[in-house]
Amino acid sequence: MARRRPGALSRRQETVRPRVAVVGSGSWGTTFGKVLADGGAHVVMWARRAELAQEIQEGHRNSEYLPGVNLPRSMSATTHLSEALDGASQVYLAISSQALRQNLKAVRPLIADSDVPIVSLMKGVEKRSGLRMSQVIEQELHCDPARIAVASGPNLALEIAREQPTAAVISSSDQETAEAVARRARNDYFRTFVNTDVIGTEFGGVLKNLIAVAIGIVDGVGYGENTKASIITRGLVEMTDFAVAQGAQPETLQGLAGLGDLIATCQSPLSRNNTAGRLLGQGYSFQDVVKQMNQTAEGLASVAPVLQLAREAGVHMPIVEQVKMVLDGTMNPRDIAPHLTTDDDTPKGERTQDGKSGSGGALRRSFERALDQFRNGGRRSPSDRS
């Protein structure tokens, strides 16, 4: 009988488990790697720092970003990008939105001959260009947009890493790509739905960060639940107006990538954007907040490009405007009251600016979809696949 070579068993096990790569080993990248591993994949993480890669590889922990969480043994890590991407059937990107373009320059030659799905886990807008992350990926990787997917939803990393149940939406212009990624990125505690509205899904993830900064500011000032509820509600209107003006479907903003993510991000102390806003509300300068934050608060970098896009589209965003004034130091945080801002004293209705999607009807439909999901035992209803 021929002797088995050392390591042969582990390689055979890897062939049973589909191999996927996650580029970026911060809190969200590592958490999503765990989601994929717990769903049956062999996950190779790419980490920029050698000590972080070693801790994931040998200790099966990421104590800096996910304290107290044990990672599956089917997760490994490397500092070599080529090693992480080699043989991957899907590639997930979880790096800072402002550093994405530069990192993709290194990724491009390594996947030039591949047609695997590329999945964005990022929620930001490139500051210089105003482009969404999927657009930056398409530009830098020179790939068919049908290969690109984005993931979004009420996804606070530490809660998911602790296996608290939640859901997300996977969006791609190609239905088959969205479904392929959704099948891979799910397990007993993490459910995925699909849609083909990439614009709405991405902007939902971006815009909720800006509203969360506003909520953090008023929380830091000491205002109560009425103020926060008003801003969240009117914030959803601003989000919908903006996204629809960019080509999104209004229903997407009432789903997991919009309303769901908005609620989670605004109410949780685990939210980096909420924390950044709270520090601003307590009187810290923008520079001091950046220094204190251990991780990137994407909302801070997205304020200016979002407002530029809003002005070009003729969309009024008083909440985001006042957040920018606080960031710029031209408004005292205690004076922030964007939900009170109007163009004049004429009473106005609650509907969105485009007049096509009353928030009441959209919210009713979203709650009806949620009830359908509960009735179906968590399975997708047909209306959630559009």
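That block above? That's the structure.
A few points on the structure. (Residues numbered from 1 in each chain as written. Predicted model: local features only at pLDDT ≥ 70, side-chain atom pairs only at ≥ 80, totals over all residues. Heavy atoms only, no water.)

## Some words on the overall build of the protein chain
Then step 1. In terms of helices and strands, the protein chain carries 16 helices and 8 strands.
Then step 2. Within the protein chain, the fraction of its 386 residues that count as buried is 54%.
Then step 3. In the protein chain, once contacts between residues fewer than 6 apart in sequence are set aside, the share between residues at least 24 apart is 70%. (Helix = DSSP H or I, 4+ residues; strand = E, 2+ residues; numbered from the N terminus. Buried < 20%, exposed > 50% of the residue type's maximum accessible area, 1.4 Å probe, protein only. Contact = heavy atoms within 4.5 Å.)

## So, the packing of aromatic side chains
Then step 1. Applying the stated rule across the entire model yields 4 aromatic pairs.
Then step 2. With centroids separated by 5.7 Å and ring planes inclined at 85°, the aromatic side chains of F32 and F190 adopt a geometry described as edge-to-face. Of the two residues, F32 sits in helix α2 (residues 27-38) while F190 sits in strand β8 (residues 190-195), which places them 158 residues apart along the sequence.
Then step 3. Since its relative accessible area comes to 0%, F32 is described here as buried. (Phe/Tyr/Trp six-rings, centres within 6.5 Å; stacked < 30°, edge-to-face > 60°.)

## Overview of the packing of helix α9 (residues 198-221) against helix α10 (residues 225-245)
A pair of packed helices is captured by two measures, namely the crossing angle of their axes and the spacing between those axes.
Then step 1. One way to put it is that α9 packs onto α10 with a least axis distance of 9 Å and a crossing angle of 155°. In terms of their interaxial angle, α9 and α10 are classed as roughly antiparallel. In this structure, α9 crosses over α10, and the sense of that crossing is right-handed. Residues I199, F203, G204, L207, K208, I211, A214, I215, V218 and D219 of α9 pack against T227, K228, I231, I232, G235, M239, F242 and A243 of α10.
Then step 2. Class assignment for the residues of the contact of α9 with α10 results in 12 nonpolar, 3 polar and 3 charged. (Axes fitted to C-alpha atoms, helices over the stretch in contact; angles between N-to-C directions. Parallel < 35°, antiparallel > 145°, perpendicular 65-115°, else oblique. Left-handed = near helix turned anticlockwise from the far one by under 90°. Nonpolar A, V, L, I, M, F, W, Y, C, P; charged D, E, K, R; others polar.)

## Quick word on α2
Then step 1. Compared with an ideal rise of 1.5 Å per residue, which puts 12 residues at 16 Å, α2 spans 16 Å between its outermost C-alpha atoms and is within 8% of the ideal.
Then step 2. Every buried residue of α2 is listed here: S27, W28, G29, T30, T31, F32, G33, K34, V35, L36 and A37.
Then step 3. Just downstream of α2 lies G40, where phi reads positive at about 115°. (Expected span 1.5 Å × (residues − 1).)

## Focus: the pairing of strand β2 (residues 42-46)
Then step 1. Judged by how many residues are buried, β2 sits mostly within the fold: 5 of 5 residues are covered.
Then step 2. Across the two faces of β2 the burial is the same, with H42, V44 and W46 and V43 and M45 all buried.
Then step 3. The pairing of strand β1 (residues 19-23) with β2 spans 5 bridges and is classified as parallel. Pairing of V23 across the sheet is with W46, part of β2. (Pairing = 2+ DSSP bridges.)

## Examining the side chain of S74
Then step 1. Locating S74 in the fold gives a position in the loop between α3 (50-59) and β3 (75-78).
Then step 2. Apart from residues lying up to four places away in sequence, S74 is in contact with R17, A37, A41, H42 and V43.

## A look at the sheet that holds β8
Then step 1. One open sheet accounts for 8 strands, arranged β3-β2-β1-β4-β5-β6-β7-β8; its pairing is mixed. In this open sheet, the two strands that pair with only one neighbour each are β3 and β8. With direction set aside, neighbouring strand axes in the sheet form an average angle of 25°.
Then step 2. As paired elements, β2 and β3 share 4 bridges and run parallel to each other. Residue M45 lies in a different strand from β3, and its bridge partner there is A77.
Then step 3. Its contacts with the sheet place helix α8 (residues 175-184) against β1, β4 (90-93), β5 (118-120), β6 (148-152), β7 (166-171) and β8, and it is angled at close to 180° to β8.

## A closer look at the pairing of β8
Then step 1. Within β8, 5 of the 6 residues are buried, which leaves it mostly tucked inside the rest of the structure.
Then step 2. Alignment of β7 against β8, held across 6 bridges, turns out to be parallel. Across the sheet, the residue bridging to V169 is F193, located in β8.
Then step 3. A crossover links β7 with its parallel partner β8, the connecting element being α8, and its sense is right-handed. (Right-handed = clockwise from strand over helix to strand, strands pointing away.)

## Details of the pattern of salt bridges
Then step 1. Within this structure, the stated rule accounts for 15 salt bridges.
Then step 2. Notably, a salt bridge pairs K34 with D38, separated by 2.8 Å at the nearest N-O pair. Pair noted here: K34 and D38 are both in helix α2, with a separation of 4 residues, about one helical turn.
Then step 3. With a relative accessible area of 3%, K34 lands in the buried category.
Then step 4. Between R49 and E51 there is a salt bridge, with the nearest N and O atoms lying 3.2 Å from each other. (Salt bridge = Lys/Arg side-chain N within 4 Å of Asp/Glu carboxyl O.)

## Side note on the packing of α10 against helix α11 (residues 256-267)
Then step 1. Packing of α10 against α11 leaves a shortest axis separation of 11 Å and a crossing angle of 140°. Taken together, the axes of α10 and α11 are oblique relative to one another. Where α10 crosses over α11, the handedness of that crossing is right-handed. Listed contacts from α11 to I232, L236 and M239 of α10 are G258, L259, L262 and C266.

By themselves, these figures tell us nothing about what the structure is for.
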